[in-house]
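Listed below are the residues making up each chain.
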Amino acid sequence: MKKLIITSATTGAATTREITPYVPFTPKEIADSVIESWEAGAAIGHIHVKDTNGENTLDVNVYKEVIDRVTDKCDIILNLTTAGGLKSNDEERLRVCELNPEMASFDAGTMNFGKEVFYNTPTFLENLAIIMQKRKIRPEIEIFDVGMIHNAMRLVKKGLIEEPLHFQFVLGVHGGMAATPKNLMFLVDSIPPGATWSAIGASKDQLAINTMSILLGGHVRVGMEDSVYYRKGELATTNAQFVNRIVDLSTMLGREVATPNEAREILGLKKR
């Protein structure tokens, strides 16, 4: 197996201070958490940002502050969300690409998301794919249900998304596929040969899906975006805690952990 790529998703759109007081919100807090995750073994930092009121934002200036703070200290791959929240408009979402991150999220379809609807229309996805291709940003193709794989592959056939492909399977979200071993195996079998993949288990399913991903040759995402509990009844106090646990687990299972530059090689990105 190739070395394991660990992504730390430090903040997310739905995790609030009411859920956990430890989630990073300010640009400094987010950057510090990404750097701590890198020190623990993460190769990718998945970034959401907040405004001064703690609300989701796609403000490129807030993103830039986080990016500058992180890149001044480490070589972690930065993967910016193009979602931000369920109420962001298409123009705001596309503008994130102006920052030219190495990677950005590509949510490959519209879905129910809890009590809301997460809109990703075919027109928006085509526009996002065109801009990412032009700016040489690697899409992380977010898959909440199997139909989203087919949405993405139609864009591949149109030449708007280029290989090598990288998928992120998001399991356990209300409105998407349940976080079960059978569903993860089905998604893995549904992507093209040679594509890389990572998986998320939302909330209580994080560690189980992480473990399966390690054993199946995939990669993992952890962090307070996806789960706030380190174990039942115990809140994690840092995102690095989750990363440390995966490093220990992967080592015990005989799989080495990738550095950022090793992750770039696995994903087909240019080394920094």
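See the structure printed just above.
Because the structure is a prediction, the values reported are computed rather than measured.

Points about helix α5 (residues 146-157)
- Relative to the 16 Å expected for twelve residues at 1.5 Å per residue, α5 spans 17 Å between its end C-alpha atoms, a close match to the ideal helical length.
- Those residues of α5 that sit buried are M148, I149, A152, M153, L155 and V156. Viewed along the axis of α5, the buried residues span an arc of 155°, placing them on a single side of the element.
- Looking at the packing, one finds that the buried side of α5 touches β6 (103-107), β7 (111-113), α4 (122-135), β9 (138-143), β10 (166-171) and α6 (181-190).

Points about the sheet that holds strand β5 (residues 77-80)
- Judged by pairing direction, the barrel is parallel, and its eight strands sit side by side in the order β1-β2-β5-β6-β9-β10-β11-β12 before closing back on the first. Taking the axes of each pair of neighbouring strands and ignoring which way they run, one obtains an average angle of 25° across the sheet.
- The sheet contact formed by strand β1 (residues 6-9) and strand β12 (residues 219-222) spans three bridges and is parallel. Bridged to S8 within β12 is V222.
- Lying on the sheet, helix α8 (residues 239-252) is in contact with β1 and β12; it crosses β1 at an angle near 160°.

Notes on the packing of aromatic side chains
- Scanning all chains against the criterion turns up six aromatic pairs.
- With 6.4 Å between their ring centres and 85° between their planes, F118 and F144 make a pair best called edge-to-face. Remark: F144 occurs in the loop between β9 and α5 and F118 occurs in strand β8 (residues 116-118); sequence separation between them is 26 residues. By the burial criterion, F118 is buried, and F144 matches it.
- Considering the side-chain rings of Y230 and F242, the 6.3 Å spacing of their centres and the 40° angle between planes classify their relative orientation as tilted. In this pair, Y230 sits in strand β13 (residues 229-231) while F242 sits in helix α8, placing the two residues twelve residues apart along the sequence.
- We classify Y230 as buried; its relative accessible area is 18%.
- For F242, a relative accessible area of 1% puts it in the buried group.
- Grouping aromatic residues by their ring pairs yields a cluster made of F113, F118 and F144.
- Against the face of F25 rests R17, its NZ or CZ located 4.6 Å from the ring centre.
- Residue placement shows R245 over the ring face of Y230; its charged tip is 4.4 Å from the ring centre.

Cut-offs used in this document
- Residues numbered from 1 in each chain as written.
- Predicted model: local features only at pLDDT ≥ 70, side-chain atom pairs only at ≥ 80, totals over all residues.
- Heavy atoms only, no water.
- Helix = DSSP H or I, 4+ residues; strand = E, 2+ residues; numbered from the N terminus.
- Expected span 1.5 Å × (residues − 1).
- Buried < 20%, exposed > 50% of the residue type's maximum accessible area, 1.4 Å probe, protein only.
- Arc of directions from axis to C-beta.
- Contact = heavy atoms within 4.5 Å.
- Pairing = 2+ DSSP bridges.
- Axes fitted to C-alpha atoms, helices over the stretch in contact; angles between N-to-C directions.
- Phe/Tyr/Trp six-rings, centres within 6.5 Å; stacked < 30°, edge-to-face > 60°.
- Lys NZ or Arg CZ within 6 Å of the ring centre and 35° of its normal.

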